[in-house]
Amino acid sequence: MSINLSLSRLHQLLPHLPLQYTRPTIHIAGTNGKGSVSALVSSILAECSSSSTRLSIGRFNSPDLVHITECMLVNQQPISVASYEATRAVVLQADQQYGTKLTPFEVLTLTALQLFEQAAVDIVVMEVGMGGRLDATNFIPTECILVSALTAVDLDHQGFLGNTVEAIATEKAGIARRGKPFVLGPQSANNRDAVEKAVKSRVEEVGARLCEPVKVEAIGKEDAEFTSGDTGNFRPPKGPTTQAFIAALSSTPIHAVLPLHGAHQLDNLSTSLGIVQALLSLDDLFLDFRKVITLDTVERGIANVRWRGRLSWHEYPASGRQVPVLVDGAHNPASSRTLRAYIDSVLSSSSIKGKRFHVTYILALSHSPPKTPRDALESLFTPTSDTTSSLPLSISAAFVPFTPPTNMPWVKPVPPAQLALSVQELLSSELVPRTWTPTRDVVLGEGEENVCLKEALDWAVGLHKNGSSWDGEEVQELIVVAGSLYLVADFYRLLDGFDAVSS
């Protein structure tokens, strides 16, 4: 089975399902950042009240990390396994009865929409799966759409969306709806012109209303602290204090600590606040957002946002000590550049500047032509600037497979040996890092523990088991698990297992 982009099957089956979808919906597309924006927007709206009752918020994201129910949240909590299985069974029965032959993602999308309708949530925040125009989420009726938004666009999934940034942006802007606000988030300098051209053309074609994001500034910088010792030796960054201003909201600026890490999250917050600003501009709706969205709810929503697996800090228990681990789903060139820039910014922060560091990458990538492993790996092994190239930093790398995601047999990992070879070809011989790959061929099945990841983590910890020094100085260690959200999911399953044992 492969990806088959079309909306016809969904339109064919929807009339035969128990519930027709009527929930007011915020629809978000993009190459990078759409998940973070959906988390931010839903966190802000979850703080809002109408007639002294908190708004009920549904949220759809994909893929899940540990369990499929994480794709469908109501009031920031995954729906129950029982509810998911019962509703999915109804969708599958209808699919079989009417011969529509839905794809797994279409089944997931319809299941989520049926669940949100059952829960009668006030608002749904819907993340596009891939692309936009023909994505399963885009069959939601126009009358349900409150706001559409587009986060950062870059090259990814070219085999389905086109080979240029402009072509991909055109596909993603296909979620624009007549008469509805369309928020265009900040874009990279290299892609801005192409994205804006494509989006403006699409928005004008359908008669949507183009809206700008809200300018966000960081007050101060993220700061991390490494100190020697077996326990409590790492304090992760808290995130920057941010400032923004929405005239329709308050004459007072928004001030909040953003717990999502990385400079790119300022852009995602900018897009999120652009969505809030667009909501405040809407008239004649069931809900007057000007009465329920306040300065306080926005600030609390920003401060309380959580988005696991995206520049997330954790500690890995090993040999009586806690090793800091940074986890991120960076899987394409743009997100890899973002990850490396963040690592460099943390290691050059004022509180730890001048210390020696050793970073061990543990990486997996999906096979996704025409994207090559080198495209995603190059930034991770290359300093982001002349300043960061002088950091006292050494690197090692482990390459592993990931556990295959459920009902997605076309998703396959790049063989670890091929990833290691790509790094060797990328760097001159004297710069090739120490590497590790599994000593045997391992075929992981759905739901199995990723034994290769566990072995790679133990290898990384073992590099510093007896302490490490560099020209007489102690070296601080950092493990980075990245390259695929499916590997990130494997890490969380492993970490949750440790937590269960220790609790």
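Scroll up to find the structure this text is about.
Residues numbered from 1 in each chain as written. Predicted model: local features only at pLDDT ≥ 70, side-chain atom pairs only at ≥ 80, totals over all residues. Heavy atoms only, no water.

**Considerations on helix H2 (residues 34-46)**
So, point 1. The terminal C-alpha atoms of H2, which comprises 13 residues, lie 18 Å apart, in line with the 18 Å expected from a rise of 1.5 Å per residue.
So, point 2. With 13 of 13 residues buried, H2 is to be regarded as a mostly interior element. (Helix = DSSP H or I, 4+ residues; strand = E, 2+ residues; numbered from the N terminus. Expected span 1.5 Å × (residues − 1). Buried < 20%, exposed > 50% of the residue type's maximum accessible area, 1.4 Å probe, protein only.)

**Some words on the sheet that holds strand E9 (residues 181-184)**
So, point 1. The strand order E6-E5-E4-E7-E1-E8-E9-E10 describes an open sheet built from 8 strands, whose pairing is mixed. Bordering the open sheet on either side are strand E6 (77-78) and strand E10 (209-211), each of which pairs with just one other strand.
So, point 2. Sheet topology places strand E1 (residues 25-29) next to strand E8 (residues 145-150); 5 bridges connect them, and they run parallel. Bridge assignment links Ala29 to a residue of E8, and that residue is Leu150.
So, point 3. With respect to the sheet, H2 is in contact with E1, strand E4 (57-60) and strand E7 (123-127), its orientation differing from that of E7 by roughly 170 degrees. (Pairing = 2+ DSSP bridges. Contact = heavy atoms within 4.5 Å. Axes fitted to C-alpha atoms, helices over the stretch in contact; angles between N-to-C directions.)

**Re the side chain of Ser148**
So, point 1. Here Ser148 lies in strand E8.
So, point 2. Using a relative accessible area of 0% as the deciding quantity, one classes Ser148 as buried.
So, point 3. In this structure, Ser148 is in contact with His27, Ile175, Ala176, Arg177, Pro181, Phe182 and Val183, ignoring residues within four places of it in sequence.

**Quick notes on the packing of aromatic side chains**
Each aromatic ring pair is specified by the distance between its two centres and by the angle formed by the two planes.
So, point 1. Within the structure shown, the criterion is met by 5 aromatic pairs.
So, point 2. Measuring from centroid to centroid gives 5.8 Å for Phe491 and Tyr492, while their planes differ by 65 degrees, and the two rings are edge-to-face. Comparing Phe491 with Tyr492 shows no difference in burial state: the two are buried.
So, point 3. In this structure, Arg308 is placed above the aromatic ring of Tyr492, and the distance from its NZ or CZ to the ring centre is 4.0 Å. (Phe/Tyr/Trp six-rings, centres within 6.5 Å; stacked < 30°, edge-to-face > 60°. Lys NZ or Arg CZ within 6 Å of the ring centre and 35° of its normal.)

**Topic: the nonpolar core**
Inside soluble globular proteins, nonpolar side chains tend to come together where they are buried.
So, point 1. Within the largest apolar cluster, 46 residues are counted, with the highest numbers of intra-cluster contacts made by Ile26, Leu45, Leu273, Ile275, Leu279, Phe289 and Ile293.
So, point 2. Residue assignment for this core shows that the elements contributing at least two residues are E1, H2, E7, E8, strand E15 (254-257), helix H8 (264-280), helix H9 (289-292) and helix H10 (295-304).
So, point 3. Of all the elements, H8 adds the most residues to this core, at 8 residues.
So, point 4. Not counting the four nearest positions on each side in its chain, Leu45 is found in contact with Ile26, Leu55, Ile57, Ile123, Val125, Leu279, Phe289 and Ile293. (Core = buried A, V, L, I, M, F, W, Y, C linked by side-chain atoms within 4.5 Å.)

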